[in-house]
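As a plain string of letters, each chain reads:
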Amino acid sequence: LVDYQVNSVYVMCKDKADRFTSTRKLEIEVNTNQTAQVEIVEPAGNPAYLNQTFFTLKARTNKNARYCNYQLGDEQGLLANPLNDQRNFEKSFTALDSGSYSLTVTCRLYLNNQLVEASQRVIIDLTPPEIFNVSDSVHPNDQGTGNNSEYTWLTDRLRVEITAEDNESGIDEYEAEVWEE
């Protein structure tokens, strides 16, 4: 492959009966001056919020790596390279406690023996949020006469006040649904 240009690779397959597929063209752009990096693919997000005590860490480098290490809280070790491709690494974690963890992946590349690193927070939240108050208040601007917890004067609007708390990961969104019984 030639650096700094689009290279064309032609692919075809043969079955056991010696029949060939049509040829497909694959274009690959080569750029060896790309900045070396590692990214944490899973768990996604920074911070990554999980509602279970297990997850699989997946990290990917854009250059071939000799190895990748991880540190999750106080635990550290080597990541496996299951595809044996020197770019995709992973490790499964089980039986973690609820809480906030610092996750760091460090990879040693073949290229100049360079180190690259990626970090993120992982928050394991096993406790559902707690609702303290829900009320259907009518605002004076809605042409009502004030608060009333049983009736609204409008057919196209409903005001709902919700007070909730989640000490571990926080409240992401509030949803209210109306249905007829």
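Residues numbered from 1 in each chain as written. Predicted model: local features only at pLDDT ≥ 70, side-chain atom pairs only at ≥ 80, totals over all residues. Heavy atoms only, no water.

### Remarks on the overall build of the protein chain
Each helix and strand in the protein chain was counted, giving zero helices and 12 strands. Overall, the protein chain shows an N-to-C arrangement of helices and strands of β-β-β-β-β-β-β-β-β-β-β-β. The proportion of buried residues among the 181 residues of the protein chain is 24%. (Helix = DSSP H or I, 4+ residues; strand = E, 2+ residues; numbered from the N terminus. Buried < 20%, exposed > 50% of the residue type's maximum accessible area, 1.4 Å probe, protein only.)

### Describing the sheet that holds strand 7 (residues 75-78)
Spatially, five strands are ordered 4-10-9-6-7 in an open sheet, and the strand pairing comes out mixed. Looking at which strands have only one partner, the edges of the open sheet turn out to be strand 4 (48-50) and strand 7. Averaged over all neighbouring strand pairs, the angle between strand axes comes to 20 degrees, with direction disregarded. Where strand 6 (residues 65-72) meets strand 7, four bridges bridge the pair, whose relative direction is antiparallel. Bridging from a neighbouring strand, tyrosine 70 pairs with glycine 77 of strand 7. (Pairing = 2+ DSSP bridges. Axes fitted to C-alpha atoms, helices over the stretch in contact; angles between N-to-C directions.)

### A short note on the state of the cysteines
On inspection of all chains with the given rule, the structure shows one disulfide. Disulfide pairing places cysteine 68 opposite cysteine 107 at an S-S distance of 1.9 Å. Sign of the S-S torsion, about 110 degrees for the bond between cysteine 68 and cysteine 107, identifies this disulfide as right-handed. One end of the pair, cysteine 68, is in strand 6; the other, cysteine 107, is in strand 9 (residues 99-109), and 39 residues separate them in sequence. One exposure class covers both cysteine 68 and cysteine 107, and it is buried. (Disulfide = S-S within 2.5 Å.)

### Notes on the packing of aromatic side chains
How two aromatic rings sit relative to each other is set out by the distance from centre to centre and by the angle between their planes. What the rule picks out here adds up to two aromatic pairs. Between tyrosine 70 and phenylalanine 93, the ring centres sit 5.2 Å apart and the planes meet at 85 degrees, which makes this aromatic pair edge-to-face. Of this pair, tyrosine 70 sits in strand 6 while phenylalanine 93 sits in strand 8 (residues 88-93); the two residues are 23 residues apart in sequence, bridging distant segments of the chain. Considered together, tyrosine 70 and phenylalanine 93 belong to a single accessibility category, that of buried residues. Through pairs of rings, three or more aromatic residues link up here, namely Phe55, Tyr70 and Phe93. One residue, lysine 91, lies across the ring of phenylalanine 93, its end atom 5.5 Å from the ring centre. (Phe/Tyr/Trp six-rings, centres within 6.5 Å; stacked < 30°, edge-to-face > 60°. Lys NZ or Arg CZ within 6 Å of the ring centre and 35° of its normal.)

### So, the pattern of salt bridges
Applying the stated criterion to the full structure yields four salt bridges. Across the salt bridge formed by aspartate 18 and lysine 14, the nearest N and O atoms sit 3.3 Å from each other. Measuring nitrogen to oxygen at the nearest pair gives 3.2 Å for the salt bridge that ties lysine 25 to glutamate 27. Lysine 25 sits in the partly exposed class, given a relative accessible area of 49%. (Salt bridge = Lys/Arg side-chain N within 4 Å of Asp/Glu carboxyl O.)

### Considering the side chain of aspartate 125
Checked against the element boundaries, aspartate 125 lands in the loop between strand 10 (115-124) and strand 11 (130-135). Separated by 3.1 Å, the side chain of aspartate 125 and the backbone nitrogen of threonine 127 make a polar contact. (Polar contact = N/O pair within 3.5 Å; in protein donor to acceptor, adjacent residues only side chain to side chain.)

### Some points on the environment of asparagine 133
Residue placement: asparagine 133 occurs in strand 11. Along the chain, asparagine 133 and threonine 163 lie 30 residues apart, while their C-alpha atoms are 5.0 Å from each other. What asparagine 133 contacts, discounting residues up to four positions off in sequence, is Glu161, Ile162 and Thr163. (Contact = heavy atoms within 4.5 Å.)

### Concerning the nonpolar core
Phe55, Leu57, Leu79 and Val105 are the most contacted members of the largest nonpolar core, which totals 24 residues. Of all elements in the fold, only strand 3 (38-42), strand 5 (55-61), strand 6, strand 8, strand 9 and strand 10 reach the threshold of two or more residues within this core. Element by element, the count of residues in this core is highest for strand 9, at five residues. Once residues lying within four places of it in the same chain are set aside, the contact partners of leucine 79 are Leu57, Ala59, Cys68, Asn69, Tyr70, Phe89, Glu90, Lys91 and Val105. (Core = buried A, V, L, I, M, F, W, Y, C linked by side-chain atoms within 4.5 Å.)

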